[in-house]
Amino acid sequence: MRRFDLSLPVWALAALTLALLMGLPLGWMVTLSVSGEHGVTAQHYVNAFRDLHLRRALWHTLVMAFWVGVVSVTIGAPLAWLTARTDLPGRRLVRALVMASFVTPPFLGAVAWVMLAGPNAGALNKLWRALTGSDAAMVNIFTMTGLVFVVAMYTFPYVYVMIGNTLELIASDVEEAAAMLGAGRFTVARTVTLPLVAPAVLSGFIVSVLQALALFGSPAILALPAGFHTLTTQVWGMFHYPPRVETAAAVAMPLLVATALLLMLQRRLLGRRGYGAVGGKGGARRRIALGAWRYPALLFSLLVIVCAVVLPYGILAKAAFSRAWAQPLTWDNLTLRHWTFTFFEYSATQSAIVNTLELGVLTASVGAALAALLAYIARRRAIVGHQLVGFLALAPIAIPGVVLAVALFIAYTRPPLILYGTLWILFVAYVTKEMPVGYAQSDATFRAIPAELEEAGRILGAGRLRVLGEITAPLARSGVIAAWCFIFIGVIRELSASIILFTPDTKVMSVVIFDLKEEGQFGAIAVLGLFMIGMTFAVVLTMERVLGRDFMGGRE
């Protein structure tokens, strides 16, 4: 008689958990968006898009997202090529500082740029007035241009990583052949390298657009003072009293559909086009000599890093230790007052730090374990419908944080499961939102582990769960640790969903920073922001030590 496979209930439970995480909130959101007093209706959609303010917010969102994609590619593509393929001086330093930009919460970068380029008290504008005697501001960050610039500073690393990783896979033989035939360095880059990485460029553009579409913090900090909304800030406003949940659901649906369509376009582009290099054992990637262009290229790289990391981190550090952040940092202006106020006097800080750490550790632990199980199911075809498991695990990438928050608010403020007002609703939001990151990392890990090892264990009589625990899990350890770290970092910097789902007792650090911005407490923001960045870097450095590679995938 055939023995019952004890692993099947485990696989089924993991798949059911995933289906509930995705299906319940989205099902409620769709239902509420078309529900009226007399049954099914499209009136909520009609009301939403008759609203002139909403139409303007939609236009502002599309304009911002498009230009963020363009600027991100303009910065990220050449920077990736310079660090991956050329003899650019200080390549490792540039890569490390791009990593710093990658892990910096965009809303924190936006706050820093308010202190740098605010039209009245911004440090750069004060310096400009001192040098020129002009009364006018040099730059005003409270504009659409300023918003695009700040968002792009924290989305270009997605383009950088995608193109950099692609360049690492391509041997330099073809480029050298073109150079031998008389092509210059930049002609080779334009006619040979660029076509090879075109799919990665397009993919990076789409991911940057998706990130911009989903952002709440930066538009709330920069666009609202400038007098215009994006869709995410409009949805947030609908949860102020009196809440308009049905309209919020109707507004969120087009954002969800647009994101899903962009992801489908990305998949189709990457499916139809690709890069390939034919080579023997050599397949080496030799550095391109930039010659006289080395230092102009280094200047470009440093300019990007200064705007994304050095200036924002510098102004945050200055504000953290200044009595008045807009004044020069003299002995008279030096203080530790903001540190004592933030950690010991401001009532929300300590509980927010505890909440963030609890949610970070719990979400990362449960999320990494669940993502690993789901990736194993899909990769090893453990159950019928494993393809659907893989699709659902990656599906949350198509759900902007604000949309997910609307869906969760609708689903968990009513029976049978009322979670609103507790940390559990934030936990569900974070696990759902970070699932694609954990799944992608785990899937790559299991792809690299030969299935023959598991089959050998099963031939010797071990059950599937025992094989997973004693053979596969030890081999997948580093990949699961990486997934844990990625999820933890994502939780620490999350704001888009948290800003709608929090209550006074469930605030997290990102929400407290946003509240401090509303109160004008820039010194306290700087202190808490530096603390958040310090925690993130501690996790990143631990991950690099365990995995033996840098955060961006390099192994120099």
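In this text, all values refer to a predicted model and were calculated from it rather than measured experimentally. (Residues numbered from 1 in each chain as written. Predicted model: local features only at pLDDT ≥ 70, side-chain atom pairs only at ≥ 80, totals over all residues. Heavy atoms only, no water.)

K.L.:
Would you mind showing me how to read the overall build of the chain here?
P.N.:
Assigned secondary structure in the chain consists of 25 helices and two strands. With an accessible surface of roughly 25400 Å², the chain has 66% of that area assigned to carbon and sulfur atoms. (Helix = DSSP H or I, 4+ residues; strand = E, 2+ residues; numbered from the N terminus. Areas by Shrake-Rupley, 256 points an atom, 1.4 Å probe, with all protein chains shown as cover.)

K.L.:
Mind showing me how you'd approach empty space enclosed by the protein here?
P.N.:
Empty pockets left among the atoms are what a rolling probe the size of a water molecule brings to light. On inspection of all chains with the given rule, the structure shows two cavities of 30 Å³ or more. In this structure, the second largest cavity spans a volume of roughly 40 Å³. Grouping the constituent residues of the lining of the second largest cavity by class yields six nonpolar, two polar and one charged. (1 Å grid on protein atoms, 1.4 Å probe; cavity = no way out; pocket = protein on both sides within 12 Å on 5 of 7 lines; lining within 4 Å. Points joined across faces, edges and corners; volume = space filled by probe spheres on them. Nonpolar A, V, L, I, M, F, W, Y, C, P; charged D, E, K, R; others polar.)

K.L.:
Sorry if this is basic, but what is going on with the nonpolar core here?
P.N.:
Ranked by size, the top nonpolar core spans 177 residues in total, and within it Met29, Leu222, Val406 and Ile500 carry the most contacts. Those residues in contact with leucine 222 that sit more than four places away from it in its chain are Ala110, Val114, Ile141, Phe142, Gly146, Leu147 and Val150. (Core = buried A, V, L, I, M, F, W, Y, C linked by side-chain atoms within 4.5 Å. Buried < 20%, exposed > 50% of the residue type's maximum accessible area, 1.4 Å probe, protein only. Contact = heavy atoms within 4.5 Å.)

K.L.:
Looking at this structure, I do not really get the pattern of salt bridges. What am I missing?
P.N.:
Pairing between side chains of opposite charge can happen when the charged atoms of each approach one another. Applying the stated criterion across every chain, the model contains four salt bridges. The closest approach of N and O atoms between aspartate 87 and arginine 294, which form a salt bridge, is 3.7 Å. With aspartate 87 in the loop between α3 (52-85) and α4 (91-103) and arginine 294 in helix α14 (residues 294-320), this pair connects stretches of sequence that are 207 residues apart. (Salt bridge = Lys/Arg side-chain N within 4 Å of Asp/Glu carboxyl O.)

K.L.:
Help me out: how do you make sense of the environment of aspartate 332 in this one?
P.N.:
Checked against the element boundaries, aspartate 332 lands in the loop between α14 and α15 (337-345). Given the relative accessible area of 68%, aspartate 332 is considered exposed. Between the C-alpha atoms of aspartate 332 and serine 322, which are 10 residues apart in sequence, the distance is 9.0 Å.

K.L.:
Is there a simple way to explain the confidence of the model for the chain in this structure?
P.N.:
Low-pLDDT portions of the prediction should not be read for the details of their coordinates. The predicted model of the chain averages 83 in pLDDT, with 86% of residues at 70 or higher. At the level of individual helices and strands, the chain shows its lowest average pLDDT in helix α9 (residues 173-180), which scores 64, and its highest in helix α7 (residues 144-153), which scores 96. Counting interchain partners and residues more than four positions distant, the pLDDT-below-50 stretch residues 272-283 has 13 contacts. (pLDDT = per-residue confidence, 0-100.)

K.L.:
Looking at this model, I keep getting lost on the side chain of serine 33. Mind explaining?
P.N.:
Considering the arrangement of structural elements, one finds serine 33 in helix α1 (residues 7-33). Exposure remark for serine 33: the relative accessible area of 0% places this residue in the buried category. Here tyrosine 45 takes part through its side chain, which lies 2.8 Å from a polar atom of the side chain of serine 33. (Polar contact = N/O pair within 3.5 Å; in protein donor to acceptor, adjacent residues only side chain to side chain.)

K.L.:
Explain the packing of aromatic side chains to me, please; I cannot follow it from the model alone.
P.N.:
The description of an aromatic ring pair uses the distance of the two centres, along with the angle that the planes make with each other. In this structure the tally under the stated criterion is 16 aromatic pairs. Ring centres of phenylalanine 66 and phenylalanine 205 lie 6.2 Å apart, and the angle between their planes is 80 degrees; on these two criteria the pair is classed as edge-to-face. Linking phenylalanine 66 in helix α3 with phenylalanine 205 in helix α10 (residues 185-214), this pair joins segments that are 139 residues apart in sequence. For phenylalanine 205, a relative accessible area of 24% corresponds to the partly exposed category. With 5.2 Å between their ring centres and 55 degrees between their planes, phenylalanine 102 and tyrosine 158 make a pair best called tilted. Of this pair, phenylalanine 102 sits in helix α4 while tyrosine 158 sits in helix α8 (residues 156-169); the two residues are 56 residues apart in sequence, bridging distant segments of the chain. Taken together, the aromatic side chains of Phe321, Trp339, Phe343 and Phe531 make up a single cluster linked through ring pairs. Lying across the ring of tryptophan 28, arginine 414 places its NZ or CZ 4.8 Å from the centre. (Phe/Tyr/Trp six-rings, centres within 6.5 Å; stacked < 30°, edge-to-face > 60°. Lys NZ or Arg CZ within 6 Å of the ring centre and 35° of its normal.)

K.L.:
Explain the packing of α7 against helix α11 (residues 217-226) here, please?
P.N.:
Helix-helix packing: each pair is described by the crossing angle between the helix axes and the interaxial distance. The N-to-C vectors of α7 and α11 enclose an angle of 155 degrees; their axes lie 9 Å apart at closest approach. By the angle class used here, α7 and α11 are roughly antiparallel. Taken as a pair, α7 and α11 cross one another with a handedness that is right-handed. Counting all contacts with α7, which are made through Gly146, Leu147, Val150 and Val151, the residues of α11 involved are Ser218, Pro219, Leu222 and Ala223. Of the residues belonging to the contact of α7 with α11, the class tally is six nonpolar, two polar and no charged. (Axes fitted to C-alpha atoms, helices over the stretch in contact; angles between N-to-C directions. Parallel < 35°, antiparallel > 145°, perpendicular 65-115°, else oblique. Left-handed = near helix turned anticlockwise from the far one by under 90°.)

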